[in-house]
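For reference, the chains in residue letters:
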Amino acid sequence: MAYIKSAALEETGYVVLDRYGKQIDPKEWMDLEYVDWKSSGDTRFAPLASAKGEIECNGFWNHKPPRTDKDGVWIDAQTAIAPTLTERALEPGANVGRCRIIELQPTTYAECLYNLHQDDNNRLNPDGTGWVVRSFFNLTDDKDSFFVLRENRTDPSEETRIALPAGAQLVIDTQRLWHAATHLGTEPRYCLITSWESGPELDAYIAKYNGVGTVDSVEVDQEILDAGQAEQTRRIAARAAALAARGQREVNAMSEA
Ligand SMILES: [Fe+2]
């Protein structure tokens, strides 16, 4: 047996869909209830669907009974404020697990490289069922910001940088790819993140919006790239040294979001 995966994500681990062209009232994300939840960077989250329909962001596997990242329970008080965002999460007809809006404070490229992580989307996911991937629907028009994807955390040679204007839509196997956002500017970035189960519904959705698995990377000065890489190397070494001093090792670089 094997997991059901999307052929569209096989080669690079991501697809970029057509941009969403309609305006959405910012109240749909600004008026939601947010909770502090440490992810990669300085973040808060507003869940639309959670393990038990409560306003919290813990992995479904950390609840009792533990379960995989599917069958998220919609939070009526939040979906009533964000009907369009809820519709967008439901649009493919794929099973939805965690669904929430991330609020990310400005993050430099160097910080982003240190924040690169893999998600733990498929813990307890039964073999033979659909592999859980993540959709990212950018809400704010972050023209200078970009998502960074790497197959290997510390290898810049195959890095992809994907632009994040309003309406940008990405589907990413975030358990496979190391990922984080560089967010420039002074205001927070908001993005709808949804766990979707792979299968024919998701495949049809990717095809409908012309998903492409290779895009040109956002251009960044080589000096900034080099400085960011050096800073990542320095910070990873510093953390390893700090842990070693306490007799510990990095157990798991996977993150919640
Ligand atoms: Fe993540």
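Residues numbered from 1 in each chain as written. Predicted model: local features only at pLDDT ≥ 70, side-chain atom pairs only at ≥ 80, totals over all residues.

Undergrad: What's the story with the overall build of the chain in this structure? I'm lost.
TA: Within the chain one finds six helices and 11 strands. In terms of overall dimensions, the chain is globule-like: its C-alpha atoms have a radius of gyration of 18 Å, near the 18 Å expected for 257 residues. Counting only C-alpha atoms and orienting by the principal axes, one finds that the chain spans roughly 45 × 40 × 40 Å. Relative to its full complement of 257 residues, the chain shows a buried share of 42%. Excluding contacts between residues fewer than 6 apart, the proportion of contacts in the chain whose partners are at least 24 apart in sequence is 80%. (Helix = DSSP H or I, 4+ residues; strand = E, 2+ residues; numbered from the N terminus. Rg over C-alpha atoms; globule rule 2.2 N^0.38 Å. Buried ≥ 20, exposed ≤ 12 C-beta atoms within 10 Å, placed from the backbone. Contact = placed C-beta atoms within 7 Å.)

Undergrad: Is there a simple way to explain helix H5 (residues 200-208) in this structure?
TA: Counting along an α-helix, one turn takes 3.6 residues, and residues three or four places apart therefore face a common direction. For H5, every residue scored as buried is listed here: Leu202, Tyr205 and Ile206. Buried residues in H5, looked at end-on, bunch into an arc of 100°, giving them a common side. Exposed and facing more than 90 degrees away from the buried side of H5 are Pro200 and Lys208. Buried residues in H5 make contact with strand E1 (14-17), strand E9 (169-172) and strand E11 (189-197). (Arc of directions from axis to C-beta.)

Undergrad: I keep staring at the sheet that holds strand E7 (residues 142-150) and nothing clicks. Help me out?
TA: For sheets, the rule is that strands pair by backbone hydrogen bonds, running either parallel or antiparallel. Overall, antiparallel pairing links the three strands, which are arranged E8-E7-E10 in an open sheet. The open sheet has two edge strands with one neighbour each: strand E8 (160-164) and strand E10 (178-182). Strand after strand, the sheet turns through a mean of 25° between neighbouring axes, direction not considered. (Pairing = 2+ DSSP bridges. Axes fitted to C-alpha atoms, helices over the stretch in contact; angles between N-to-C directions.)

Undergrad: Help me understand unusual backbone geometry in this model?
TA: If a residue is not glycine, its phi is most likely negative; likewise, a peptide bond is most likely trans. Pro65 follows Lys64 through a cis peptide bond whose omega is -5°. Locating Pro65 in the fold gives a position in the loop between strand E3 (43-50) and strand E4 (73-74).

Undergrad: Would you mind showing me how to read the nonpolar core here?
TA: One broad trend across soluble globular proteins is that nonpolar side chains are buried collectively. The biggest cluster of nonpolar side chains holds 55 residues, and the ones touching the most others in it are Ile101, Phe147, Leu170, Val171 and Cys191. When neighbours within four sequence positions are excluded, Phe147 is seen to be in contact with Phe136, Ile162, Leu164, Leu170, His179 and Ala181. (Core = buried A, V, L, I, M, F, W, Y, C linked by C-beta atoms within 7 Å.)

Undergrad: What exactly am I supposed to notice about helix H3 (residues 83-90) here?
TA: Three or more residues of H3 are buried, namely Leu85, Thr86 and Ala89. The arc enclosing the buried residues of H3, seen along the axis, measures out at 100°, which places them on a common side. Along H3, the residues that are exposed and aim more than 90 degrees away from the buried face are Pro83 and Glu87. Where H3 is buried, its residues meet helix H1 (27-30), E3, helix H2 (76-79), strand E5 (96-104) and E11.

Undergrad: Whenever I open this one, the pairing of E10 confuses me. Can you help?
TA: Strand residues, when the strand is regular, have side chains that alternate between the two faces of the sheet. Across the five residues that make up E10, a large majority, five, are buried. Going residue by residue along E10, you find Trp178, Ala180 and Thr182 tucked away on one face and His179 and Ala181 tucked away on the opposite face as well. Relative to E10, E7 is paired through five bridges, and the arrangement is antiparallel. The residue of E10 that forms the bridge with Phe146 is Thr182.

Undergrad: Would you take a moment to explain the pairing of E1 for this structure?
TA: Side chains Tyr14 and Val16 project from E1 onto one buried face, and the interleaved Val15 and Leu17 project onto a second face that is buried too. Pairing of E1 with E9 involves four bridges; the strand directions are antiparallel. Following the sheet pairing, Val16 is matched in E9 by Leu170.

Undergrad: Is there a simple way to think about the environment of Glu33 in this case?
TA: By secondary structure assignment, the location of Glu33 is in the loop between H1 and strand E2 (35-36). Taking the C-beta count within 10 Å as the criterion, Glu33 has 12 such neighbours and is therefore assigned exposed. When the C-alpha atoms of Glu33 and Phe45 are compared, they prove to be 8.3 Å apart, with 12 residues separating the residues in sequence. With near-sequence residues (within four places) excluded, Glu33 lies in contact with Ala46, Ile55 and Gln78.

Undergrad: What should I look at first to understand the environment of Asp120 in this one?
TA: Inspection of the secondary structure assignment puts Asp120 in the loop between helix H4 (109-115) and strand E6 (132-138). In this structure, the C-alpha to C-alpha distance between Asp120 and Lys208, residues 88 residues apart in sequence, is 28 Å.

Undergrad: Got a minute to help me understand the environment of Thr108 in this structure?
TA: Looking at where Thr108 falls in the secondary structure, it is placed in the loop between E5 and H4. The partly exposed category is assigned to Thr108, around which 16 C-beta atoms lie within 10 Å.

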